[in-house]
Amino acid sequence: MHQRNKKLTKYLAQIDNKYTWIIPFLVGTLACCTLVYAVWCGLGLTYDSHNYLSAARAIAEGRPMETQLGAKYVAQPPLFPAILSLWNGNLSFSKVFNIVCYAVTLILIWKLIDIVLCSFSYKVLACFYIFLSTPLLLVHSFLWSEPFFLVLIQLIIVTLYFHGETKSVYLFYALILLSLLLCAQRNAGVFIVSSIFLTFFLEESSFVNRIKIGIAFLTSSSGFFLWNLYGFSREGGGFLDAGYLQNVGGNILEYSSAIGVWFVPGTSSHYVVVAAGILSLWFVISIFFSSEPISPRLTFLRQLSTIPVVYVLGFVILGKPVASDAERFLAGIFPVYSVVVFQAIERMQIKGKKWLILPVAIILLYGLLRTGNNAKRWNESNCENPISLSGNNFCMVP
């Protein structure tokens with residue numbers, strides 16, 4: 001029996017080394033086909049979508065950006081409308097753009113999975129779970145700023161890893177540039193940037209180097225602060241007047257429910273998100289207080305585990321979200337959070353808890369069924385009502 005297990009382990013190792021690219025290629029192709037099916041009749045359009053289009057057409061025509069109601073476009077950053085203006089907001093080109101962003105994001109996510117997870121079986125499970133997930137399909141099925149936002153996040157994370165491995169100053173400059181673009185794409189980018197430079201700051205002991213990191217952070221997030229200060233001075237409101245700390249308890253419940261439905265149906269999600277939260281917290285603590293010698297990999301895992309924590313806390317202190325938007329807002333850190341959870345489970349299994357593979361498989365099956373149901377719903381909704389001002393086609397199967 002022992003000899004048979006050794007042969008199986010050796011065979012899996014050979015698969016991992018020689019054919020590791022086949023699984024993500026096949027699953028990624030299936031995921032892209034699912035997205036094509038969901039948006040076959042066009043992208044879903046919501047209130048935000050029409051504001052993006054209005055601002056994009058204003059840029060293309062050389063006018064100041066404005067919303068669909070004629071107000072100044074200042075609540076959201078300008079990069080996404082600028083991108084849309086390249087094809088004058090044409091919805092067919094926008095659909096192709098979303099599909100391309102999806103494919104690029106999946107490639108970068110696989111790189112992250114391959115970096116963080118050790119077991120071939122867990123790499124495969126994570127690949128299926130993340131690639132064919134509702135959060136990723138959701139934000140690529142609508143005309144929103146999240147698709148390119150996700151590309152930038154994954155680029156930043158991969159760049160962060162290679163910077164840790166090489167300590168290249170050019171990769172550090174690349175991080176600053178990508179962070180600038182991230183904050184120019186979505187305001188929430190400042191949460192990602194803050195988490196990354198927070199870990200840089202904590203890992204550094206030199207006062208002079210900490211000052212340099214602070215300057216790099218201000219440079220990286222300068223677009224966010226300058227744009228929002230400009231918008232606040234012109235119109236008031238916006239991201240700098242979002243009712244901070246006025247609904248913390250309600251936001252915790254709202255966002256915990258949004259995270260919970262990644263694992264179980266909505267009616268039970270609050271209980272599961274507590275378990276997932278405890279698991280994630282255990283992982284973060286074990287990484288930060290690990291007895292392992294400091295290495296580039298350990299440092300990267302610390303940085304990776306900090307991103308979802310800071311990102312979610314950032315949204316928790318904001319004003320009350322629209323209930324249907326909670327999962328959309330958190331989709332940006334879904335891949336990172338999922339990899340962190342898989343890494344935590346993998347570490348526990350290595351310590352002897354082999355039974356953990358069973359609940360992971362059940363969660364995977366639930367995620368696949370949920371994604372299939374939502375793809376069908378969005379396809380039917382977009383084909384029946386391709387242009388929606390109300391956003392009713394944004395309903396999801398819990």
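What comes next is a walk through the structure.

About the thresholds
- Residues numbered from 1 in each chain as written.
- Predicted model: local features only at pLDDT ≥ 70, side-chain atom pairs only at ≥ 80, totals over all residues.
- Heavy atoms only, no water.
- Helix = DSSP H or I, 4+ residues; strand = E, 2+ residues; numbered from the N terminus.
- Buried < 20%, exposed > 50% of the residue type's maximum accessible area, 1.4 Å probe, protein only.
- Patch = residues over 30% accessible without salt bridge, like charges linked within 9 Å, V, L, I, M, F, W, Y side chains within 5 Å.
- Areas by Shrake-Rupley, 256 points an atom, 1.4 Å probe, with all protein chains shown as cover.
- Salt bridge = Lys/Arg side-chain N within 4 Å of Asp/Glu carboxyl O.
- Disulfide = S-S within 2.5 Å.
- Expected span 1.5 Å × (residues − 1).
- Axes fitted to C-alpha atoms, helices over the stretch in contact; angles between N-to-C directions.
- Parallel < 35°, antiparallel > 145°, perpendicular 65-115°, else oblique.
- Left-handed = near helix turned anticlockwise from the far one by under 90°.
- Contact = heavy atoms within 4.5 Å.
- Nonpolar A, V, L, I, M, F, W, Y, C, P; charged D, E, K, R; others polar.
- Phe/Tyr/Trp six-rings, centres within 6.5 Å; stacked < 30°, edge-to-face > 60°.
- Lys NZ or Arg CZ within 6 Å of the ring centre and 35° of its normal.
- Arc of directions from axis to C-beta.

## Describing unusual backbone geometry
Then, in step 1: Its identity as a non-glycine residue notwithstanding, Asn88 has a phi of 55 degrees, on the positive side.
Then, in step 2: Here Asn88 lies in the loop between helix H4 (79–85) and helix H5 (91–116).
Then, in step 3: A relative accessible area of 41% places Asn88 in the partly exposed class.

## Points about a nonpolar patch on the surface
Then, in step 1: A surface patch of nonpolar side chains, about 430 Å² in accessible area, is lined by Phe207, Val208, Ile211 and Ile215.
Then, in step 2: Considering the arrangement of structural elements, one finds Ile211 in helix H11 (residues 207–220).
Then, in step 3: Judged by its relative accessible area of 43%, Ile211 is partly exposed.

## A look at the state of the cysteines
Then, in step 1: Considering all chains together, one arrives at one disulfide under this definition.
Then, in step 2: Between the sulfur atoms of Cys41 and its disulfide partner Cys383 the distance amounts to 1.9 Å. Its torsion about the S-S bond being 80 degrees, the disulfide of Cys41 and Cys383 is classed as right-handed. Residue Cys41 is located in the loop between helix H2 (22–38) and helix H3 (47–60), and its partner Cys383 is located in helix H18 (residues 357–384); the two are separated by 342 residues in the primary sequence.
Then, in step 3: Exposure remark for Cys383: the relative accessible area of 35% places this residue in the partly exposed category.
Then, in step 4: In this model Cys33 remains outside any disulfide bridge; the closest cysteine sulfur is found in Cys32, 7.1 Å from its own.

## Remarks on H18
Then, in step 1: With 28 residues, H18 should cover 40 Å at 1.5 Å per step; its first-to-last C-alpha distance of 41 Å lies within 8% of that length.
Then, in step 2: Inspection of H18 places Val360, Leu364, Tyr366, Gly367, Arg370, Thr371, Asn374, Ala375, Trp378, Asn379, Ser381 and Asn382 among the buried residues, and these make up the whole buried set.

## Focus: the packing of helix H9 (residues 169–185) against helix H10 (residues 189–203)
Then, in step 1: The interhelical angle for the contact between H9 and H10, taken along N-to-C directions, is 155 degrees, at an axis separation of 8 Å. One finds that H9 runs roughly antiparallel with respect to H10. The two elements H9 and H10 meet at a crossing, and its hand is left-handed. Packed against H9, whose contacting residues are Phe172, Leu175, Ile176, Ser179, Leu182 and Cys183, the element H10 presents Gly189, Val190, Ile192, Val193, Phe197 and Phe200 at the interface.
Then, in step 2: Here the contact of H9 with H10 is built from residues that sort into 10 nonpolar, two polar and no charged.

## Side note on the packing of aromatic side chains
Then, in step 1: This structure, assessed with the given rule, holds 25 aromatic pairs.
Then, in step 2: Here Phe315 and Phe329 contribute two aromatic rings whose centre-to-centre distance is 5.5 Å and whose plane-to-plane angle is 10 degrees, an arrangement assigned as stacked. Of the two residues, Phe315 sits in helix H15 (residues 296–316) while Phe329 sits in helix H16 (residues 326–330), which places them 14 residues apart along the sequence.
Then, in step 3: Of the residues examined, Phe315 reaches a relative accessible area of 5% and is grouped as buried.
Then, in step 4: Here the aromatic residues Tyr122, Tyr129, Trp262, Phe263, Phe334, Tyr337 and Phe342 are joined through ring pairs into a cluster of three or more.
Then, in step 5: A cation over a ring is seen here: Arg186 above Phe149, with NZ or CZ 5.8 Å from the ring centre.

## Looking at the packing of helix H6 (residues 120–131) against H18
Then, in step 1: Here H6 crosses H18 at 25 degrees, and the two axes come no closer than 9 Å. It follows that H6 is roughly parallel to H18 by the angle criterion. Seen along the crossing, H6 lies across H18 with a hand that is left-handed. Residues Tyr122, Leu125, Phe128 and Tyr129 of H6 form the contact with H18, whose own contacting residues are Ile357, Val360, Ile363, Leu364 and Leu368.

## With respect to the environment of Phe128
Then, in step 1: Along the chain, Phe128 falls in helix H6.
Then, in step 2: It is 7.4 Å that separates the C-alpha atoms of Phe128 and Leu364, two residues lying 236 residues apart in sequence.
Then, in step 3: In contact with Phe128, other than residues within four places in its own chain, are Val27, Leu364 and Leu368.

## Things to note about H2
Then, in step 1: Under the 1.5 Å per step criterion, the end-to-end length of H2 is 24 Å for 17 residues, consistent within 8% with the ideal 24 Å.
Then, in step 2: Buried residues of H2: Pro24, Val27, Gly28, Ala31, Cys32, Thr34, Leu35 and Ala38, and no others. In an axial view of H2, the angular spread of the buried residues amounts to 155 degrees, which keeps them on one side of the axis. Exposed side of H2, more than 90 degrees from the buried face: Phe25 and Leu26 are the residues found there.

## Observations concerning the side chain of Glu146
Then, in step 1: Within the secondary structure, Glu146 sits in helix H8 (residues 146–166).
Then, in step 2: Classification of Glu146 as buried rests on a relative accessible area of 2%.
Then, in step 3: With residues up to four places along the chain from it excluded, the contact list for Glu146 reads Val139, Arg186 and Arg328.

## So, the pattern of salt bridges
Then, in step 1: For the structure shown, the criterion picks out nine salt bridges.
Then, in step 2: A salt bridge links Asp48 to Arg328; its shortest N-O distance comes to 3.0 Å. Separated by 280 residues along the polypeptide, Asp48 in helix H3 and Arg328 in helix H16 bring together distant segments of the chain. The same class applies to Asp48 as to Arg328, namely buried.

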